[in-house]
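Secondary and tertiary structure notes
Single-letter residue listing:
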Amino acid sequence: MEDCNGEDIIVTPELPLEIIVYIQSFLHASDRKDASLVCRSWYYASQDFHFQKNLTFSFPASASSLELIKGLGRKSRCSLIIKQLDGFSMSRSLLLEVGLCLGSKLESLALPGSSITEASLLSLLPRLTSLRRLDLRGLDSLFMSGAFLSREEHRHQVRSALSGLEELDLSDLRYLSDLTFNRLTSCTPGLRRLSLAGCYIAFEFDLYRGCPAGAVKDSSALLSLRNLKRLVTEQRWTLVALDLSRTSITPDSLRTVAQVPDLVLEELRLHGCKELTDYSIEVLVKHQPSLQRLDISACTELTSRSVEAVAQGLKGLTQLSLSRDWRITEKGLAELLSVSSLRSLDLSECLHVSGTEIVKGLTGCTTARAQLDTLSLKSCTYIRDFAVFSLTQLLGNSLRELDLTLCVNVTDLSVRAIATYLQGLVVLRLGLCKEITDWGLLGMVEATKCEPDQETADKGPRFTRTFGNMGFFQPPRLPFEEKPKLVTQNDLQQFKQQAGASLLALNRLQELDLSACPKLTDSSITQVLRYPDLRRLSLSMLPEITDASLASVAWHCRSLTSLALSHCPGISDRGVAQAAPYLHRLQHLCLSGCSNITDRSLFLLLQHCDRLQTLDISRCKNISPTTVDLLQSRLPFLENVHHKFIETRSCYRKK
């Protein structure tokens, strides 16, 4: 083929669609979205069925959402989260459009933060014939009157549509009663997962004390244990997951549920059930030995006796949360870590845990020990470098998420161990580990320091601080007064030439939290934070970092969707100007307390970061409300701008 000048033109054949789909399968969802804009064939490839699984669209109720819903009608399957619905005509039109365009295609529907009428929902539900998950949490407006689904013809219509519903979330409903609960659940005969978290459940021996058995009737004001047991009994063949978190469930009522014949639960969540005791957990384990996921966090009466019961009775356990169970000690953890199926363990805020027994349990037989991929030791203040060093070696092949937030005794030695042995980490949280310095991130050993009084041969008499403060002698330096030796240019040159493991070795990281590690400076942040797949980063409360760190992070971490820089006084408009052009995917940005940020930064965000959803500029006193108004009017996805203490208004929310 020749052009008008007679020169040959090489025509490149188009790649088959299957090849483009294969190429895009290696991309993250946000990258695939960008790739779909290249040309028509790349767009068609991005719409392949394999990429549309478990796809959820979240948006507020607005006039522009109507066009979005019509566009979604071209998809074979989808899920929706619609926020801020109310009883006005716009919301009614939106729900009607959902029913018309997506009725047979919608698999999941959630309506958080909404206040819709019974008529609006009843006009929608009969059309949703493919619905598998329904989230009605907090929708008190539906249940306040007690008349929801009171008519038989409505129940028949809803039952026909929701016969295939598998998940029902009724969390945080203040007005859920026996009557409305029975009407709704009678329309969902095949439930697999049910959530009643935060609901008030009245126990039968209190509500109906002294009443003859035949005189007990369904309550129009309260949900009773009797009706909960009835539902569990009726749907015992399908029900595998139950969430009773933040309820006042007692040991006797938990035993009543656990002892339902033929009930085989795989997941049970009891977060914040403060009346439960060790005995109730022992009974639960005895009657539900098939539990795989158990959450008994914030059950403050539980002790290590519960840990031992779980370890001995749940041999198929994969996830366990003991967070904020303050009475739990090291006892029983070694046996728990010998459960070979265990993959996720949350011990955050278990204040008596030092890690010794965890290490002991993991050093047993390799075929009979947990292969953890998630471990949270947040606020376990007894955790020290020895425990972290041992855990990194024992879990090096499996661990993907590690949380050491507020482990105040963790130092650079732990950071070097993590960088050496946990190179498959995806999530690392080291917030408030105040002993971590640049040396740890760089993987280098800090040179020993000599104090002036140590250089003289004559040490002289040593006095206490009390006498030293009188002026005759210099008082001993306290640990919190010492500053780490600064990293010099020679040190950085040595770092670039060395082969040792720095935090740079964690090249799979997608989330990193280094907030409130005050000894970190530009020296390490600019050299180490170079992660192409990093999505979420927190550098809040680092007083020593400057615009150089922000610019370096933006250049090397271009996949960031969430960035926190609150209370970093060294961050200014200059840093935002250097970073913004490389942060096109940014959705959440926190700059609160950055006093050098002005209106100029907001104009830069408006120009380069058009995907922003939330922005926190509280205490940024050099920003004007007029610029905030302009920002929210121009950015289509911006939902919340927090700007306390910059003017009289305390918070801005896009309507």
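Reading the values: rules and limits
- Residues numbered from 1 in each chain as written.
- Predicted model: local features only at pLDDT ≥ 70, side-chain atom pairs only at ≥ 80, totals over all residues.
- Heavy atoms only, no water.
- Helix = DSSP H or I, 4+ residues; strand = E, 2+ residues; numbered from the N terminus.
- 1 Å grid on protein atoms, 1.4 Å probe; cavity = no way out; pocket = protein on both sides within 12 Å on 5 of 7 lines; lining within 4 Å.
- Points joined across faces, edges and corners; volume = space filled by probe spheres on them.
- Nonpolar A, V, L, I, M, F, W, Y, C, P; charged D, E, K, R; others polar.
- UniProt positions renumbered as here; feature names shortened; annotations may be inferred.
- Patch = residues over 30% accessible without salt bridge, like charges linked within 9 Å, V, L, I, M, F, W, Y side chains within 5 Å.
- Areas by Shrake-Rupley, 256 points an atom, 1.4 Å probe, with all protein chains shown as cover.
- Salt bridge = Lys/Arg side-chain N within 4 Å of Asp/Glu carboxyl O.
- Buried < 20%, exposed > 50% of the residue type's maximum accessible area, 1.4 Å probe, protein only.
- Arc of directions from axis to C-beta.
- Contact = heavy atoms within 4.5 Å.

Taking an unreviewed UniProt entry as the reference, the protein chain is identified by name as F-box/LRR-repeat protein 14 isoform X2 belonging to Gymnodraco acuticeps.

As for its placement among the helices and strands, Thr356 is situated in helix 16 (residues 356-362). Residues Thr356 and Val388, 32 residues apart in the sequence, show an inter-C-alpha distance of 9.9 Å.

Let us look at empty space enclosed by the protein. All chains considered together, the criterion is met by 3 cavities of 30 Å³ or more. Estimates place the volume of the largest cavity at around 70 Å³. Lining the largest cavity we find Leu550, Leu563, Leu565, Val576, Ala579, Ala580, Leu583, Leu589, Leu591 and Leu605. Its residues assigned to classes, the lining of the largest cavity comprises 10 nonpolar, no polar and no charged. One number sums up the size of the second largest cavity: a volume of about 50 Å³. Take the lining of the second largest cavity: its biggest share by element is 3 residues, from helix 17 (residues 385-394). Looking at the lining of the second largest cavity residue by residue, the classes come out as 7 nonpolar, 1 polar and no charged.

Here, the residues flagged by UniProt with the feature "domain: F-box" (unreviewed entry) are residues 14-53. Secondary structure within residues 14-53 divides into 55% helix and 0% strand; the distance between the first and last C-alpha atoms comes to 27 Å.

A cluster of nonpolar side chains, Leu15, Ile19, Tyr22, Ile23 and Phe26, forms an exposed patch at the surface whose accessible area comes to about 520 Å². With respect to the helices and strands, Leu15 occurs in the segment before helix 1 (17-24). Relative accessible area serves as the criterion here: at 46%, Leu15 is assigned to the partly exposed category.

Residues Ser253, Leu254, Val257 and Ala258 constitute the buried set of helix 12 (residues 251-258). Looking straight down helix 12, one finds that the buried residues subtend no more than 135 degrees of arc, so they occupy a single side.

Before going further, it helps to spend a moment on the environment of Ile328. Locating Ile328 in the fold gives a position in the loop between strand 12 (319-321) and helix 15 (333-336). Each C-alpha atom of the pair Ile328 and Ser304 lies 4.8 Å from the other, and the pair is 24 residues apart in sequence. Contact partners of Ile328, with chain neighbours within four places excluded, come to Leu302, Thr303, Ser304, Val307, Leu322 and His352.

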